[in-house]
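# Notes for the structure review
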Amino acid sequence: MTMVHNIERMTSLLQDSITNASSVTSTPLESQARSILASSVLAIPTTPPSIYYPRAYNSSEVDGVIDSTTVLLAARTLSKLGRSDLSWEFLRTLFRAQSSNGFLPKIVYLNHTNDKHEFEGASWSEFVGVYPGPKLFDKGASSEEDSVIHPLFDSGTKLWSSNTIMATPHHATSILEIFFLSNQTLEDVNNLSIFYTKLQKWHDYLHQQVIPNCGDANDTLFPCILLRHPMETEIDMISPIWKSALVNVTKNVKEKKFHSRISIPKAVKDSFDYPGDDLYNSYLYLLQCLNEENNNTTSHNSTNYTNHDTFYSRCPFGMLDVGFSAALSQSDKSLEKIIQILVDKNQMTRPKFDQMTSAEARTNRSMDMLNALWDEERRSFFNRLVTFTENDQGWYSSNMTLPLEASIAYNFFSLANPMLNSPLVAKISTQLLQRSGKFSFNCGDYPLWSVGGCPKESPPIIPVVNYRVSNGLVQNGEVGLGNYISNGLLDLICGLPNSDESNLMNCSNNLHFASAFNATSRLPLGNNMLESTLTAAIVLDILIPDKEFTYESEPPISSSSVIFLIAAELVVAFAVGVVCLVLSLNLMQRVNADEEGDEFVQLVNEQQHLYEETENDEDAAHATGLGTWSLELISSLSPMKWWEKRHAQ
């Protein structure tokens with residue numbers, strides 16, 4: 001009970017430090033965002049240390065659910081607020097679920113039972129609040145204990161994950177930016193070094209197992225960056241792209257008359273992006289397919305393989321995603337920068353030369369793969385769907401992909417990595433300014449509609465989409481357009497008109513940090529009672545400007561120090577050599593002594609009759625001290641005799 005009390009007290013202090021850091025001149029928007037982020041910080045009291053993580057919503061129903069997107073953006077924001085120590089703790093929690101092959105899941109589940117059998121965290125169930133639960137990712141284990149990835153410090157804490165659904169690879173970029181936004185203390189540098197090793201394993205996995213088929217990055221007809229489930233993207237489930245992307249899955253569901261035995265709870269159906277029972281049934285069917293074929297491994301790719309020019313899969317879905325490709329391209333570049341920082345900081349665990357060379361090659365490779373998704377005719381990046389054909393054995397095969405020409409805002413995620421092609425950026429930006437046409441996105445009073453073409457039924461405005469597109473535009477030099485999108489999001493949440501004259505100090509008192517908003521009515525979508533930690537972190541990240549992303553290199557080792565070290569090494573080497581020589585000579589002397597001792601015993605035995613005493617000679621022996629020691633015996637014991645005998649042999 002003392003440990004629980006201490007954890008609650010420490011968590012309260014952490015929350016206070018986040019909330020009280022707010023300036024007296026801060027807006028109501030910033031103050032409430034700080035309050036939501038602070039109250040999201042939870043801890044599980046393991047033995048030791050404690051595990052810290054941000055709760056995704058202000059609801060105890062999602063306790064123990066660790067969403068990778070929320071963790072990474074909350075950690076970035078906390079580093080801005082001067083709490084990089086807590087940022088590193090969040091990351092440690094997220095990486096506890098990393099598999100031995102480097103795989104990182106999208107969702108992590110934690111629970112803890114104390115000595116009094118009091119339970120907290122995520123339960124072993126199909127759903128946890130609005131999230132899919134750990135039981136949906138059961139790989140056929142006989143009990144929940146068998147499904148635990150590994151115990152955390154004590155038997156009372158369990159960890160599960162979405163072991164068949166991998167995370168979008170923003171990790172390296174987030175960790176690099178957290179380091180830049182921190183005070184860059186020695187502890188921050190050490191943490192960067194620790195996470196570099198984990199990131200290296202993650203990127204090894206991505207390049208060697210997720211995208212091993214990308215030998216020719218310019219060949220867009222062949223499956224390359226392959227996602228196997230819609231949950232592996234950041235695209236909302238009600239996006240129009242899924243109707244065509246899941247056509248094979250929906251066909252199988254109907255032909256096999258698949259009906260999930262799982263009862264979908266009201267919390268899930270109340271989510272803003274619940275697609276309806278039929279399409280959600282397709283999601284569950286595909287997830288069950290992946291689980292059944294993946295029941296002996298967490299390697300994520302055991303249900304597919306490549307044989308020369310053909311891609312094979314057990315499950316009828318595969319897609320090349322713009323957002324995933326852009327995130328990987330950006331993270332490859334970030335990992336290359338982390339390597340350079342560790343080298344410049346003279347870290348003992350500095351990357352190896354082959355890792356440095358590999359990082360550069362991977363950066364170029366992933367950028368080429370992203371560019372291969374560009375459609376010049378439509379002037380847009382598009383996802384590509386793997387076109388499968390089923391054989392008699394139940395395997396699906398393919399050697400080509402087709403573009404999914406959906407007008408969705410997620411296509412602009414391609415801007416995540418700065419592009420060298422300025423005309424390409426201009427073509428992309430044009431769509432954001434158009435008010436008519438299939439690929440127009442300047443619709444309504446507030447940006448950015450998640451679906452283009454300005455449809456009559458208003459699509460949602462999703463804060464994380466606005467955030468990523470805005471940042472991408474700024475990185476590619478379109479600062480004005482990027483700020484227009486981010487400021488429009490703040491005005492939308494504040495309930496203010498979307499104009500340059502809006503003043504965030506005039507924010508409505510009835511603020512709501514929802515996961516999505518109706519583009520026309522501006523009302524929050526989904527459960528109105530839920531406040532999103534992700535949205536709060538995004539608001540703070542927009543309001544608080546980044547500091548310059550720089551670092552100071554450690555001075556190189558001086559030439560005099562190098563000479564001293566070389567001299568010291570030579571002295572040590574000479575001393576070792578002398579010791580070895582002395583030991584060798586001593587050993588040779590002992591060997592010779594042993595051989596001479598053997599000859600002496602033999603000689604004594606041969607001369608036994610010369611010094612045998614008799615009773616009559618005992619008095620003479622005491623008198624002379626020589627006894628029966630004859631001249632012949634003394635002569636035979638002469639060293640010269642031994643020398644002559646040895647040479648004769």
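Below, the structure is looked at part by part. Small disclaimer: the values here were computed from a predicted structure and weren't measured. (Residues numbered from 1 in each chain as written. Predicted model: local features only at pLDDT ≥ 70, side-chain atom pairs only at ≥ 80, totals over all residues. Heavy atoms only, no water.)

Moving on, we get to the overall build of the protein chain. Tallying secondary structure elements over the protein chain gives 20 helices and 19 strands in all. In the protein chain, which comprises 649 residues, the proportion classed as buried is 51%. Residue pairs in contact within the protein chain that sit at least 24 positions apart in sequence constitute 71% of those at least 6 positions apart. In the form shown here, the protein chain has an accessible surface area of approximately 31000 Å², with 53% of it arising from carbon and sulfur atoms. (Helix = DSSP H or I, 4+ residues; strand = E, 2+ residues; numbered from the N terminus. Buried < 20%, exposed > 50% of the residue type's maximum accessible area, 1.4 Å probe, protein only. Contact = heavy atoms within 4.5 Å. Areas by Shrake-Rupley, 256 points an atom, 1.4 Å probe, with all protein chains shown as cover.)

Looking now at unusual backbone geometry. Between Pro 447 and Leu 448 the backbone carries a cis peptide bond, its omega angle lying at 0 degrees. By the element assignment, Leu 448 lies in the loop between α13 (422-433) and β18 (460-461). Phi is positive for Gln 184, which is not a glycine, with a value near 55 degrees. Relative to the helices and strands, Gln 184 is located in the loop between α5 (171-181) and α6 (186-210). Here Lys 257, not a glycine, exhibits a phi torsion of approximately 50 degrees, which is positive. By the secondary structure assignment, Lys 257 is in the loop between α8 (247-255) and α9 (266-269). With a relative accessible area of 68%, Lys 257 lands in the exposed category.

This part is about the environment of Asp 85. Position of Asp 85 relative to the elements: it lies in helix α4 (residues 84-95). Along the primary structure Asp 85 and Ala 75 are separated by 10 residues, whereas in three dimensions their C-alpha atoms are 9.4 Å apart. Only 2.8 Å separates the side chain of Asp 85 from the side chain of Arg 83, close enough to count as a polar contact. (Polar contact = N/O pair within 3.5 Å; in protein donor to acceptor, adjacent residues only side chain to side chain.)

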